[in-house]
Amino acid sequence: MSCPGKWACRCSRFVEAVAYPFLGSIVGDDVLKLFNHAQENNYAIPAINVTSSSTVVAALEAARDKDSPVILQTSQGGAAYFAGKGVGNKNQEASIGGAVAAAHYIRAVAPLYGIPVVLHTDHCAKKLLPWFDGMLDADEAYFKEHGEPLFSSHMIDLSEEPVEWNIQTTAKYLKRMAPMKQWLEMEIGITGGEEDGVNNESVDNASLYTQPEDIYEIYKTLSPISPYFSIAAGFGNVHGVYKPGNVKLHPELLEKHQKYVKEKINGKEDKPVFLVFHGGSGSTKQEYRDAISYGVVKVNLDTDLQWAYLLGIRDYVLNKKDYLMTQVGNPDGADKPNKKYYDPRVWVRDGEKTMSARVAEALVDFNTAGQL
């Protein structure tokens, strides 16, 4: 699909630079080109956790208006919510179905926004591997019919497991994904805090910092299988938002990882590894900039966006309270209908606007704005 209407000219510079055949949902070599372009031009793409069509369009709107690529991702819990909270999830059926539904929805609407979109799924711990397997089944079925996977990429997070098992299991999954040229993100070093039911608030601080030897071992193991992988390395990251000073990030460790791998492989590139920044909400702009300068191409955002989405809805309800108490009757008259105030398209839209504004802020902070 080509860019629609007025967005075609705007996209032409980026398309020419990275040789995209189309914009919208991208896969395979186009994802690799995007991440290479990000490293070369010193920016990172925000990865936005989406749980509904409303949060999807809020993110897409911001990226379009800021001339930016974007990553849209569903977590296991977010995917189940996409399917509906009334659906059972004993065998991950809601999480699988919700993720697949989200992927098809995003594939359908993304071309309307005229930007490159990476379709991704977030943390998948050992206990959630049936979810991962179900999504790969959907990818392989889609690949058989269309010549590309349904999702651009997935994340496997076995960081709580022994390092060797983590790496070898990740390699096993990458071998399955490689024929589809599908991207795989993995994590080494635990991200602290709590997110989506995974609680690492009590872990030893030492486990929050990845060692360069582990990064090299991952690179050495995965590179012969496929070039389509990235590493979420711990440098003190914590999910959620905390009081300033309580979280000690050390993005300079990422530079050491890159130098170590470059030396071990006798490479020419200063940033041979594609790195990912987890626990981005609440971080300072300088911490973002430093991490990006060391090869981070993707920054996860969730907590700040949940808050931003609430703000618009909260303020609407507070400001229109007298018009939301009954279906008929308000300060303008006892017989005045209130439908135009309680219509979900009105107050949900206010949540989209405030979330979109926060995504736009991140696009500026990560130097993603204007890259198309």
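Up top is the structure these notes are about.
Remember, predicted model here, so these are calculated numbers, not experimental data.

Moving on, we come to the overall build of the chain. In terms of helices and strands, the chain carries 13 helices and 13 strands. Expressed as a percentage of the 372 residues in the chain, the buried residues total 56%. Residue pairs at least 24 apart in sequence account for 69% of intrachain contacts in the chain once pairs closer than 6 positions are excluded. Accessible surface, the chain: about 16400 Å² in total, of which carbon and sulfur atoms supply 52%.

Before going further, it helps to examine the environment of A99. Structurally, A99 is set in helix α5 (residues 93–113). With 22 residues separating them in the primary sequence, A99 and T121 have C-alpha atoms 7.8 Å apart. Excluding residues that lie within four positions of it along the chain, A99 makes contacts with T74, A79, W131, M135 and F151.

Let's shift gears to the nonpolar core. If you look at soluble globular proteins, the nonpolar side chains tend to sit buried side by side. With 79 residues, the main nonpolar core has I48, L60, L72, F132 and I231 as its most contacted residues. Broken down by element, this core gets its largest block of residues, nine residues, from α5. Residues in contact with I48, not counting those within four places in the same chain, are A59, V70, I71, L72, Q73, L301, L305, M355 and V359. Core analysis: the second largest hydrophobic core is formed by 15 residues, L34, Y43, F274 and V297 among them.

Turning our eyes to something else, we now look at empty space enclosed by the protein. Counting across every chain of the model gives four cavities of 30 Å³ or more. Taken together, V31, F35, V118, H120, S153, W183, E185, S230, V276, V297 and K298 make up the lining of the largest cavity. Counting residues per element, the ones that place at least two in the lining of the largest cavity are α2 (29–40), β4 (116–121), β6 (183–188) and β11 (296–301). Along the lines of polarity and charge, the residues of the lining of the largest cavity split into six nonpolar, three polar and two charged.

Right, let's get into α5. Spanning 21 residues, α5 covers 30 Å between terminal C-alpha atoms, matching the ideal 30 Å at 1.5 Å per step. At R107, α5 is deflected by roughly 30 degrees, the largest bend along its length, and proline P111 occurs up to four residues later in sequence. Of the residues flanking the end of α5, it is G114, one or two places downstream, whose phi is positive at about 65 degrees.

What follows is about the pattern of salt bridges. Scanning all chains against the criterion turns up 16 salt bridges. Here D133 and R176 are joined by a salt bridge, their closest N and O atoms 3.9 Å apart. A residue pair is termed long-range when its members are at least 10 positions apart, and D133 in helix α6 (residues 129–146) and R176 in helix α7 (residues 163–177) qualify at 43 residues. Exposure remark for R176: the relative accessible area of 26% places this residue in the partly exposed category. The salt bridge partner of R314 is D315, with a shortest N-O separation of 3.0 Å. Because the salt bridges share partners, they merge into one network encompassing D133, D137, E140 and R176.

On to unusual backbone geometry. One non-glycine residue with positive phi stands out, namely N42, at about 60 degrees. If you trace the backbone, N42 turns up in the loop between α2 and β2 (45–49). For N42, a relative accessible area of 36% corresponds to the partly exposed category. Positive phi, close to 50 degrees, is recorded for D67, a residue that is not glycine.

This part covers the environment of S223. Note on placement: S223 falls in the loop between α8 (212–222) and β9 (229–233). On a C-alpha basis, the gap between S223 and A171 in space is 9.6 Å, while along the polypeptide they are 52 residues apart.

So, how was this worked out
Residues numbered from 1 in each chain as written. Predicted model: local features only at pLDDT ≥ 70, side-chain atom pairs only at ≥ 80, totals over all residues. Heavy atoms only, no water. Helix = DSSP H or I, 4+ residues; strand = E, 2+ residues; numbered from the N terminus. Buried < 20%, exposed > 50% of the residue type's maximum accessible area, 1.4 Å probe, protein only. Contact = heavy atoms within 4.5 Å. Areas by Shrake-Rupley, 256 points an atom, 1.4 Å probe, with all protein chains shown as cover. Core = buried A, V, L, I, M, F, W, Y, C linked by side-chain atoms within 4.5 Å. 1 Å grid on protein atoms, 1.4 Å probe; cavity = no way out; pocket = protein on both sides within 12 Å on 5 of 7 lines; lining within 4 Å. Points joined across faces, edges and corners; volume = space filled by probe spheres on them. Nonpolar A, V, L, I, M, F, W, Y, C, P; charged D, E, K, R; others polar. Expected span 1.5 Å × (residues − 1). Bend = angle between axes of the 7 residues up to and from the residue. Salt bridge = Lys/Arg side-chain N within 4 Å of Asp/Glu carboxyl O.

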